[in-house]
Amino acid sequence: MSSTQNLIRRIIRNPNIITSTSLAKQLHAQILKIKGRFHSDNSIILSVYSNLNSLHDSVLVFDSLQSPPALAWKSIIKCYTSHGLSNQSLASFNEMRALGIFPDQHVFPSVLKACTFLKDLRLGESVHGCIIRLVNLLDRFPERRQIPEHESHLLRCIESNSATISDELEEKGRMQFFYGNVEREAGGNVDVNISASAYQSNVVMEDRATGKIDSVRKVFEMMPIKDIVSWNTVIAGNAQNGMYEEALTMVRKMGNANLKPDTFTLSSILPIFSEYADIIKGKEIHSYAIRNGLDADVFIGSSLIDMYAKCTQVEHSLRVFHLLPKRDAISWNSIIAGCVQNGQFDQGLWLFRQMLKEKVKPMPVSFSSVIPACAYLTTLNFGKQLHGYIMRIGFDDNKFIASSLVDMYAKCGNIKTARHIFEKIDMHDMVSYTAIIMGCALHGHALDAIRLFEQMLADGVEPTYVAFMAVLTACSHAGLVDEGWKYFNGMACDFGIAPGLEHYAAVADLLGRAGKLQEAYDFISSMKIPSTASVWLALLAACRAHKNVELAEKVVDKILMIDPENMGAYVLMSNIYSAAQRWKDAAKLRICMRDKGMKKRPACSWIEVRNKVHCFLAGDESHPHYGKIKEAMNVLLEQMEKEGYAPDTNQVLHDVDEDQKSYLLHTHSERLAIAYGIISTPAGTTIRVIKNIRVCVDCHTAIKFIAKIVGREIIVRDNSRFHHFKNGACSCGDYW
């Protein structure tokens, strides 16, 4: 038995040699068999279980102790904290002190970490006071003084609290900095050269935020020995609070202290270069990571992916991602988000599918990144599959995901489901309100959009730049001129939001649609900010709708002065001349476009049938089922004419005879897509079609007839809004 006892004593002197729970249980069993000191001192095995992070076993052993010693308290507090049970950890700490057991320096890192998780700064400061008293006591016994690991945890506690404050201030302003050069030192460290005059900030942090940062700095400066952990804590805290100059300065000082930046350091400062799209300095950090063998780290990889994506270099992001030897959920999320944010929606969806195939469990942010891709591509079927998956794994109560779903369903034409999801959200924030208001606006539910905007104000949710864009769009699509003026004028007066180009364009569009063309012209001419081609194009489109050739000529001159190569201006003006049968003027414009190398974008419509997207151009005969499509269109045309339909050949912008004009109208891309949808889906199925330009007047009339004849709802989204055709009527009320 002596050999067993010796083995146990050796293990007790160095419990870290126990590397698995099964070995710990064997040791525990041996201790229980042996009487004497081993039998009564279960705090040693508790320490082993705690080191293995075995919460259940640790609690069982701790509860079996009648008078737990300091070692046992340290072990259970550490185990609670490591499992995220911060309240239990702090309760145990208080109970230990109430029992008169004085904590040593080994307890405080876990206690401060619990304060950090709870973001309880006041409690963290109280613990700091306790630490100071302990240090003063230890100063009387220098042989017991050890390097204070707790100080790095204290820094994190203060940083986490000030980061929360920084989040609150983020909406109040942005900080602008100009970086110094990132150079390579001979020792291989990253040297961030900073000049005080090279940094300018347009935001002054509130005292309550800077006060916490000052506390961090004070604690850091008082540390007798500063290791890599303490340096990284301060660097990360400064970066997270937008204090980029200080963060980069600290990196330089760390290098001067002969400490090499590690993966945590680099992943803390890379977001700085992401924020300001500084690709050159980001690449220098990437080079440093490669030279020092840090580029294979998933945290560095994720930071590099994000940095390149925000610098619009998504091809570099993909290269970094594919070179990672191991990919975790964060790296997958980074590359998916990077692709979607850079407009590579198909790539983002493909990567999401690959992530699922590799058995990587999605996080809530995964869905917030990929759902917008479904919204943009209007892939409703895949969006529904995502929604079902979200419900199965219990993420449907996440308000960020719910807001993304609201936006996705609205943009995919299902405003009813979007409204249903919105109503189920417990606490509506600005994102969810804006998504549903814009959804209602695009679907022609202008009064609902305005009601929701007013409800948002009543709920105390402060409107943003985008929220006003949404409500002005609603007013524009319904001709609510007085309401539009009220919201536009109230932006600056009531909420201090300066109108931007999008708001001016919305008001110009509102006035133009309502036929107030001269008022719109005067409004744009008196803008407080320089007008752009996009604002004038809104009026030019209204001139086409209201057939005002004279004003259109003035407007197109304004556009071409700003942007001589603006394709939209040439196309719209050519169409305006053609509608007025000024064929020579239209021909001159087309010749001018040809000489400039401009090519008009063809009208295109697409429809999703059985998870496959079918695309049609005007007059397109290339589809494999064109024969059946043509036959269905002829049958529909015959029935439409019986119902009173007559083609409006004025909508044909070509100088051809009437029969040819009728044929051109009947083969518009949206009609081909609708006919294919009718022959390819069961009776009663809603047909959803997307078109890249505005639906013409004749097609709008024809689709109303078709919806009534086939007894279906037909939803057509053009480049401006959604049209819901049902029972011979359209949701837009023929105002679009």
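None of the values given here were measured: they were computed from a predicted structure.

1. Examining unusual backbone geometry
Of note in the backbone geometry, Q581 takes a positive phi value of approximately 60° without being a glycine. Exposure remark for Q581: the relative accessible area of 53% places this residue in the exposed category. At N611, a position not held by glycine, the phi torsion is positive, near 65°. Along the chain, N611 falls in the loop between β3 (604-609) and β4 (612-617).

2. Observations regarding helix α29 (residues 517-525)
Every α-helix carries 3.6 residues per turn, so stepping three or four residues along brings you back to the same face. Taken residue by residue, α29 has L517, A520, Y521, F523 and I524 as its buried positions. Projected onto a plane normal to the axis of α29, the buried residues spread over an arc of 160° and lie on a single side. Next to the buried residues of α29 lie α27 (481-495), α28 (501-513), α30 (533-545) and α31 (549-562).

3. Description of the environment of N566
Residue position: N566 is located in the loop between α31 and α32 (567-579). Among the residues examined, N566 registers a relative accessible area of 10% and is labelled buried. Separated by 29 residues in sequence, N566 and L537 have C-alpha atoms that sit 9.8 Å apart. In terms of polar contacts, N566 uses its side chain to reach the backbone amide nitrogen of G568, at 3.1 Å.

4. Some points on the sheet that holds β4
Sheet architecture is open: six strands sit in the order β4-β3-β5-β6-β7-β8, paired in mixed fashion. Since the sheet does not close on itself, it has two edges, and those belong to β4 and β8 (729-730), each with one partner. Where strand β5 (residues 687-691) and strand β6 (residues 714-717) come together, four bridges link them in parallel fashion. Its bridge partner lying in β6, I687 is registered against I714.

5. Re the pairing of β4
Pairing of β3 with β4 involves six bridges; the strand directions are antiparallel. When the sheet's bridge partners are listed, S605 is paired in β4 with F616. Linkage of β3 to β4, two consecutive antiparallel strands, is achieved through a turn of two residues, within which R610 is found at a positive phi near 50°.

Calculation criteria
- Residues numbered from 1 in each chain as written.
- Predicted model: local features only at pLDDT ≥ 70, side-chain atom pairs only at ≥ 80, totals over all residues.
- Heavy atoms only, no water.
- Buried < 20%, exposed > 50% of the residue type's maximum accessible area, 1.4 Å probe, protein only.
- Helix = DSSP H or I, 4+ residues; strand = E, 2+ residues; numbered from the N terminus.
- Arc of directions from axis to C-beta.
- Contact = heavy atoms within 4.5 Å.
- Polar contact = N/O pair within 3.5 Å; in protein donor to acceptor, adjacent residues only side chain to side chain.
- Pairing = 2+ DSSP bridges.

Function-wise, these values are silent; they only describe arrangement.
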